[in-house]
Amino acid sequence: MKILVAVKRVVDYNVKVRVKSDNSGVDIANVKMSMNPFDEIAVEEAVRLKEAGIATEVVVVTAGVTQCQETLRTALAIGADRAILVETDIELQPLAVAKILKALSEKEQAQIIILGKQAIDDDSNQTGQMLASLLDIPQATFASKVVIADGKATVTREVDGGLETIALSLPAVITTDLRLNEPRYVTLPNIMKAKKKTIDIVKPEDLGVDIAPRLKTLKVEEPPKRSAGVMVADVTALVEKLKNEAKVI
Amino acid sequence: MAALVIAEHDNQSLKAATFNAVTAALQCSPEVDVLVAGNGADVVATAAAKIAGVRKVIQIDALNLADQLAEPLAAQILSLAGNYSHLLAPATASGKNVMPRVAAKLDVAQLSDITKVVSADTFERPIYAGNAIATVQSSDAVKVITVRTTGFDPVAATGGSAAIEKAAAVDSAGKSAFVGRELTKSDRPELTAAKIIVSGGRGLGSGEKYQELVVPLADKLGAALGASRAAVDAGYVPNDYQVGQTGKIVAPQLYVAIGISGAIQHLAGMKDSKVIVAINKDPEAPIFGVADYGLVADLFTAVPELTKALS
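So, how was this worked out
Residues numbered from 1 in each chain as written. Chains lettered and ligands numbered in written order. Predicted model: local features only at pLDDT ≥ 70, side-chain atom pairs only at ≥ 80, totals over all residues. Helix = DSSP H or I, 4+ residues; strand = E, 2+ residues; numbered from the N terminus. Buried ≥ 20, exposed ≤ 12 C-beta atoms within 10 Å, placed from the backbone. Pairing = 2+ DSSP bridges. Axes fitted to C-alpha atoms, helices over the stretch in contact; angles between N-to-C directions. Contact = placed C-beta atoms within 7 Å. Nonpolar A, V, L, I, M, F, W, Y, C, P; charged D, E, K, R; others polar. Parallel < 35°, antiparallel > 145°, perpendicular 65-115°, else oblique. Left-handed = near helix turned anticlockwise from the far one by under 90°. Arc of directions from axis to C-beta.

Undergrad: Is there a simple way to think about the overall build of chain A in this case?
TA: Scanning chain A from N- to C-terminus turns up 7 helices and 13 strands. The dimensions of chain A, computed from C-alpha atoms along their principal axes, are 65 × 45 × 40 Å. The buried share among the 249 residues of chain A stands at 49%.

Next comes the structure, spelled out in structure tokens:
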């Protein structure tokens, strides 16, 4: 069984981004870029399924600029077998990425496609669901536990009131939540090994998909600032402020 | 053209998040319908018909809609999509699950988590954990939208008298099946609808301390319980307590953060609260940067003291 994992190169989760002074976007020049944390969990899950003898091959894919190869190398160091970069400089929106992934899923005949539930840059939380829809296959979003057996996936999902478990026939799309697993630390020998693994580079045109953006960003602004608060000396002072100043209790 | 709001419900009750989504819908179009797709959800449809400003309620009943699985639910929404310029759902676990499926089939982009309607085709939405607000314009014929509930005041739950129209369910033999559900049982207000929230973080050190310190304070304040990701990851509390960028987004009247350092991912989920109180022993903790009232103290003594002071 082949697993396809989609990853995205994003601004590292520790970086607090700044809005550009011309309000055209956020400044990502010279900031640290990393693999989207949810996608790291996706790669880890796929590699564990391979280690458990359930998957035969883990193919990792991303779409974007040339530097995305670094993100793929990280996934290969975690344990993916090979990688595909769909190279483009065009701004990619979730629908476009879903179309790219559909083409690759069909080409690779993947039985399970695992993605992060959302990317921490655009916070869209769309691509996995869109991909499942385009492929007409079932989906399990926000997964916290995945069991593959008897040709189906049984997935526990994090939902608003707690947990929900659903069963999916394969092929299926799974998107990861935070508690699905804890990704391993990448070791130096595995980084060296990853350098020898293959990254195929294709263009969106080769896949015959339309990736034109549908949403136009008119401006990007700083969120309204909270006015500075005060420090209180003790619990008594805190209760007094809440009762008489803020009037919230 | 009209807007359609997908009601959030569990067949027994209409969830409050629907009211915020209706507010956003009314800013997109004066004609707003509500879809109640479920199984035996008559009570929900009746409640939806009372929402102020709603034109009509469309009720679709089918066995496979009982658990709000994405495939059959998306099929029902798509069967109605042709009549609408806007399809909206609250940005809840269910709304986030189903709406992109609808958008992809319509070959349109989705606008996730909108916080403001600028015009019928232009919206504001937070990106980068709320550290930037993007104004985006859609060129698609149909706008598929999820609504961040904290961005919109709820519409009045009563006062309307919309007609309930029953529509036949379209055939949707899905390839997924519901297995089971473990919901956190609680008599407390729902996290996303609570006026007061008491949240605990890693500083508590254990689930026992969370029960011992955070719970009595929440009891005293009639508050909902929340937590930081660190506290959930460490197993102090269930996953549905998590407040943050990828957990629940809340904006109560009062948010009390106990032993929470204030990672940007957590701040993203609560910084729109009206009043924020932080209790932490580290004066450098970033949570103090957003707190209205900060108390640098050992939470193990300060929290019981606070609970007692409120008695």
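Right, picking up where we left off after that structure.
Undergrad: Looking at this structure, how should I read the sheet that holds strand E12 (residues 215–221) of chain A?
TA: Judged by pairing direction, the sheet is antiparallel, and its 4 strands sit side by side in the order E12(A)-E8(B)-E7(B)-E6(B) without closing on themselves. Where the open sheet ends on each side, the last strands, each with one partner, are E12 of chain A together with strand E6 (116–119) of chain B. The average angle at which neighbouring strand axes cross in this sheet is 30°, direction not considered. Relative to strand E7 (residues 122–127) of chain B, E6 of chain B is paired through 3 bridges, and the arrangement is antiparallel. Within E7 of chain B, the residue paired with Ser119 of chain B across the bridge is Thr122 of chain B.

Undergrad: In this structure, what is going on with the interface of chain A and chain B? I would like to understand it.
TA: It is common to report an interface's size as the accessible area lost on association of the parts. Listed as interface residues are 64 residues of chain A and, on the opposing side, 71 residues of chain B. Looking at the side of chain A that touches chain B, the elements with two or more residues in it are helix H3 (94–108), helix H4 (127–135), strand E7 (139–149), strand E8 (152–159), strand E9 (162–169), E12, strand E13 (230–231) and helix H7 (235–245) of chain A. Of all the elements, E9 of chain A adds the most residues to the side of chain A that touches chain B, at 8 residues. Its residues assigned to classes, the side of chain A that touches chain B shows 31 nonpolar, 18 polar and 15 charged. Pairing geometry for E12 of chain A and strand E8 (residues 132–138) of chain B, over 6 bridges, is antiparallel. Across the sheet, the residue bridging to Val220 of chain A is Ala134 of chain B, located in E8 of chain B.

Undergrad: Even after reading the chapter, I still don't get the packing of H3 of chain A against H4 of chain A, so can you show me in this structure?
TA: Helices that pack against each other are described as a pair by the angle of their axes relative to one another and the distance between those axes. Residues and elements named next belong to chain A. Where H3 contacts H4, the two axes come as close as 8 Å, and the packing angle between them is 50°. For the element pair H3 / H4, the angle class is oblique. When the axes of H3 and H4 are compared, the crossing they make is right-handed. Note on element contacts: H4 touches H3 through Thr127, Met130, Leu131, Leu134 and Leu135, opposite Pro94, Leu95, Val97, Ala98, Lys99, Leu101, Lys102 and Ser105. Residues that form the contact of H3 with H4 fall into these classes: 9 nonpolar, 2 polar and 2 charged.

Undergrad: I keep staring at the packing of H7 of chain A against helix H8 (residues 299–309) of chain B and nothing clicks. Help me out?
TA: At a closest axis distance of 10 Å, the pairing of H7 of chain A and H8 of chain B adopts a crossing angle of 45°. Taken together, H7 of chain A and H8 of chain B sit at an angle that is classed as oblique. The chirality of how H7 of chain A crosses H8 of chain B is right-handed. Contacts from Val235, Thr236, Leu238 and Val239 of chain A of H7 of chain A reach H8 of chain B at Ala302, Glu305, Leu306 and Ala309 of chain B.

Undergrad: Looking at this structure, how should I read the sheet that holds E7 of chain A?
TA: Adjacent strands of a sheet pair through backbone hydrogen bonds, lying either parallel or antiparallel. Strand order in this open sheet of 10 strands is E11(A)-E5(A)-E4(A)-E1(A)-E6(A)-E10(A)-E7(A)-E8(A)-E9(A)-E11(B), and the pairing throughout is mixed. Single-partner strands in this sheet number two, and they are strand E11 (199–202) of chain A together with strand E11 (176–183) of chain B. Going across the sheet, the axis of each strand differs from the next one's by a mean of 30°, ignoring polarity. Both strand E5 (residues 82–87) of chain A and E11 of chain A contribute to a ladder of 4 bridges, which runs parallel. Residue pairing across strands places Val86 of chain A opposite Val202 of chain A, the latter belonging to E11 of chain A.

Undergrad: Is there a simple way to explain unusual backbone geometry in this structure?
TA: Note: most peptide bonds trans; most residues except glycine with negative phi. Residues and elements named next belong to chain A. Here Leu170 and Pro171 are connected by a cis peptide whose omega angle stands at 0°. Mapped onto the fold, Pro171 is located in the loop between E9 and strand E10 (172–176). A positive phi angle, near 55°, is found at Gln109, a position not held by glycine. Along the polypeptide, Gln109 turns up in the loop between H3 and strand E6 (112–116).

Undergrad: Even after reading the chapter, I still don't get H8 of chain B, so can you show me in this structure?
TA: Given 3.6 residues per helical turn, the α-helix brings residues three or four places apart onto the same face. Listed as buried for H8 of chain B are Leu299, Ala302, Val303, Leu306 and Thr307 of chain B. End-on view of H8 of chain B: buried residues confined to an arc of 135°, all on one side of the axis. Along H8 of chain B, the residues that are exposed and aim more than 90 degrees away from the buried face are Thr301 and Lys308 of chain B. Of the surrounding elements, those touching the buried residues of H8 of chain B are H7 of chain A together with helix H5 (207–221), strand E14 (254–258), strand E15 (275–280) and strand E16 (293–296) of chain B.

Undergrad: I tried to follow the pairing of E9 of chain A on my own but got confused; where do I start?
TA: The side chains of a regular strand alternate, first on one face of the sheet and then on the other. For E8 of chain A and E9 of chain A, the ladder comprises 8 bridges, and the chain directions are antiparallel. Residue pairing in the sheet places Thr154 of chain A in a bridge with Ala167 of chain A of E9 of chain A. Of the pairings in the sheet, the one linking E9 of chain A to E11 of chain B comprises 7 bridges and is antiparallel in character. Directly across from Leu168 of chain A, in E11 of chain B, lies its bridge partner Ser176 of chain B.

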